[in-house]
Amino acid sequence: MSTYNHWFIRARLKTRQLLLLVALAEEGNIHRAAQVLSMTQPAASKLLKDLEDVLEVSLFDRLPRGMRPTWYGETMIRHARMALANLNQAHDEIGALKRGHYGQVGIGAITSPGLSLLPAAVAQVKQEHPSLRISLDIETSPVLLERLEQGKLDIVVGRLYEEHDKENLRYESLTEELVCAMTRPGHPLSSMTGLTLRDVVAASWIVPPAGSVLRHRFDLMFQQDGLAPPLHTVETSALLFITRMLQQSDMIAVVAEDVARYYAAHGIVTVLPLAMPCHMDAFGIITRSDRLLSPAAKVMMKALKQTSLVQYGRRLEVGD
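Residues numbered from 1 in each chain as written. Predicted model: local features only at pLDDT ≥ 70, side-chain atom pairs only at ≥ 80, totals over all residues. Heavy atoms only, no water.

Novice: In this structure, what is going on with the pattern of salt bridges? I would like to understand it.
Specialist: Note on pairing: side chains with opposite charge can pair once their charged atoms come close. In this structure the tally under the stated criterion is 15 salt bridges. With a shortest N-O distance of 3.5 Å, R81 and E26 are connected by a salt bridge. Linking R81 in helix α5 (residues 71-98) with E26 in helix α2 (residues 15-27), this pair joins segments that are 55 residues apart in sequence. Residues K49 and D53 are paired through a salt bridge, measuring 2.8 Å at the closest nitrogen-oxygen approach. Residue K49 and its partner D53 are located together in helix α4 (residues 41-55), separated by four residues, close to a single helical turn. (Salt bridge = Lys/Arg side-chain N within 4 Å of Asp/Glu carboxyl O. Helix = DSSP H or I, 4+ residues; strand = E, 2+ residues; numbered from the N terminus.)

Here is the structure:
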């Protein structure tokens, strides 16, 4: 379809209609939504009716005490938020360029590549473009993917699971995430040779929360070895707590190998000589296929791909 033949061109879609959809979603009342946008209620009602007439659907159910989005309305509200976020981002980028800055990029990562991949990539970008603004989130994949969808992030280094909607996502695999067991330095088991799961099943463990993929695979690992999963456990993913707890006890924690190696290199923990076959699924670089990367995001993407070759021996195309 020609760029000039989209439905919103023919319908003369107004920015104020997008703002109204978001305001109605937040206020639940057309009178309050009109007040937020400094317009009269009749004007707001006409904007909404014009949009509904063009789409030939009802976007909101009119209730005795307000308005509630229909499924059509939820769809339009979601896209209105993204469109407005993109316009705000364009304004911010132009403002940054006018001030002599190269732009800004938002990147999110799960913990392991957040420690092993991102520091080198960010250092490379800041060396080449000191004024480029970088915001970084370290979170779980579902949280990061939600922020990517909302336009709050440009690039995510994380995982895609079966339940995720992949229609508008581009994924480039990097590597599988190995896991290991770590303890405090000097732990009685750290010097034991031929260590097996049977030797640690009765120990106290710090494990991921129930329902997580790694927790399921951790429990399954013991069951496949003919053992019941450890009973003495503390459930958490908070690394600051985990490392502090290990220093004060003889507990064992199961974490990503990159994370354990990082803390071990600083003398905070010791990695146990214990085979842990419960590795995690591969993670990779995730972007939106329905959005173009900004110049700043392209610079970050190039650095990530170059750094991944050094870190994981994984060559990705270093293009746009």
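From this point, the narrative continues.
Novice: I keep staring at the nonpolar core and nothing clicks. Help me out?
Specialist: Nonpolar side chains in soluble globular proteins generally cluster together in the buried interior. Judged by nonpolar contacts, the single largest core of 30 residues is most densely connected at L117, L118, I155, V157, L174, M300 and L304. For this core, the secondary structure elements donating two or more residues are β3 (104-109), α7 (118-128), α8 (141-149), β5 (155-158), β6 (169-177), β12 (280-288) and α13 (295-312). When residues of this core are assigned to their parent elements, the largest contribution, eight residues, is made by α13. (Core = buried A, V, L, I, M, F, W, Y, C linked by side-chain atoms within 4.5 Å. Buried < 20%, exposed > 50% of the residue type's maximum accessible area, 1.4 Å probe, protein only.)

Novice: What is the right way to read the packing of α7 against α13 from this model?
Specialist: Two quantities define a packed helix pair, namely the angle between the axes and the distance from one axis to the other. Their axes nearest at 9 Å, the elements α7 and α13 cross at an angle of 130 degrees. Between α7 and α13, the angle falls in the class oblique. As for how α7 packs across α13, the hand of that crossing is right-handed. Residues L118, A120, A121, V122, Q124 and V125 of α7 touch α13, and the partners they reach there are V299, M300, A303, L304, Q306 and T307. Here the contact of α7 with α13 is built from residues that sort into nine nonpolar, three polar and no charged. (Axes fitted to C-alpha atoms, helices over the stretch in contact; angles between N-to-C directions. Parallel < 35°, antiparallel > 145°, perpendicular 65-115°, else oblique. Left-handed = near helix turned anticlockwise from the far one by under 90°. Contact = heavy atoms within 4.5 Å. Nonpolar A, V, L, I, M, F, W, Y, C, P; charged D, E, K, R; others polar.)

Novice: Can you help me understand the sheet that holds strand β7 (residues 179-183) in this one?
Specialist: If you trace the five strands from one edge of the open sheet to the other, you get β9-β8-β10-β7-β11, paired in mixed fashion. Single-partner strands in this sheet number two, and they are β9 (233-235) and β11 (270-271). Relative to strand β10 (residues 252-256), β7 runs antiparallel, the two being bridged by four bridges. Within β10, the residue paired with A181 across the bridge is V254. Helix α10 (residues 213-224) rests against β7, β8 (205-207), β9 and β10 of the sheet, and its axis sits at about 140 degrees to β8. (Pairing = 2+ DSSP bridges.)

Novice: I keep staring at the layout of surface pockets and nothing clicks. Help me out?
Specialist: Which parts of space are left empty comes out when a probe the size of a water molecule is rolled across the atoms. A volume near 800 Å³ is recorded for the largest pocket. The wall of the largest pocket is formed by 29 residues, among which T111, T140, R159, S237 and M280 lie closest to the centre. Elements represented by at least two residues in the lining of the largest pocket include exactly α6 (111-116), α8, β8, α10, α11 (239-247) and β10. Element by element, the count of residues in the lining of the largest pocket is highest for β10, at three residues. By residue class, the composition of the lining of the largest pocket is 18 nonpolar, seven polar and four charged. (1 Å grid on protein atoms, 1.4 Å probe; cavity = no way out; pocket = protein on both sides within 12 Å on 5 of 7 lines; lining within 4 Å. Points joined across faces, edges and corners; volume = space filled by probe spheres on them.)

Novice: For this particular structure, what's the right way to read the state of the cysteines?
Specialist: Note on terminology: disulfide describes a covalent bond linking the sulfur atoms of two cysteines. With the rule as written, the count across this model stands at zero disulfides. No disulfide involves C180; its sulfur sits 9.7 Å from the nearest other cysteine sulfur, which is in C278. On the basis of relative accessible area, C180 is assigned to the buried category, the value being 4%. Residue C278 is classed as buried on the basis of its relative accessible area of 4%. (Disulfide = S-S within 2.5 Å.)

Novice: Teacher, can you tell me more about the sheet that holds β3 here?
Specialist: Each strand in a sheet pairs with another by means of backbone hydrogen bonds, the pair being arranged parallel or else antiparallel. With mixed pairing, five strands are arranged side by side in an open sheet as β4-β3-β5-β12-β6. In the strand order of this sheet, the two ends are held by β4 (133-138) and β6, each with one partner. The sheet shows a mean angle of 15 degrees between the axes of neighbouring strands, taken without regard to direction. As paired strands, β5 and β12 are joined by three bridges and run antiparallel to one another.

Novice: Sorry, what's going on with α7 here?
Specialist: Quick reminder: α-helices carry 3.6 residues per turn. Residues three or four places apart thus point the same way. Burial in α7 covers these residues: L118, A121, Q124 and V125. Seen along its axis, α7 keeps its buried residues to an arc of 130 degrees; they face one direction. Packing partners of the buried residues in α7 comprise β3, α6, β4, β5 and α13. (Arc of directions from axis to C-beta.)

Novice: What's the story with the side chain of R291 in this structure? I'm lost.
Specialist: Tracing the backbone through its elements, the reader meets R291 in the loop between β12 and α13. Among buried Asp, Glu, Lys and Arg side chains, R291 stands out as unpaired, with D290 the closest opposite charge at 4.3 Å. For R291, the side chain forms a polar contact with the main-chain oxygen of L148, separated by 2.9 Å. Side-chain polar atoms of R291 contact the backbone oxygen of E149, separated by 2.6 Å. Non-local contacts of R291, meaning those with residues more than four positions away in its chain, are made with M82, L148, E149 and G151. (Lys, Arg positive; Asp, Glu negative; His and termini not counted. Polar contact = N/O pair within 3.5 Å; in protein donor to acceptor, adjacent residues only side chain to side chain.)

Novice: I tried to follow unusual backbone geometry on my own but got confused; where do I start?
Specialist: Trans is the prevailing form of peptide bonds, just as negative phi is the prevailing case for residues other than glycine. In this structure, S38 is a non-glycine residue whose phi angle is positive, near 55 degrees. Take S38: it is sitting in the loop between α3 (30-36) and α4. With relative accessibility at 69%, the residue S38 sits in the exposed group. Although it is not a glycine, E56 adopts a positive phi angle of roughly 60 degrees. Along the chain, E56 falls in the loop between α4 and β1 (60-63). For E56, a relative accessible area of 71% corresponds to the exposed category.

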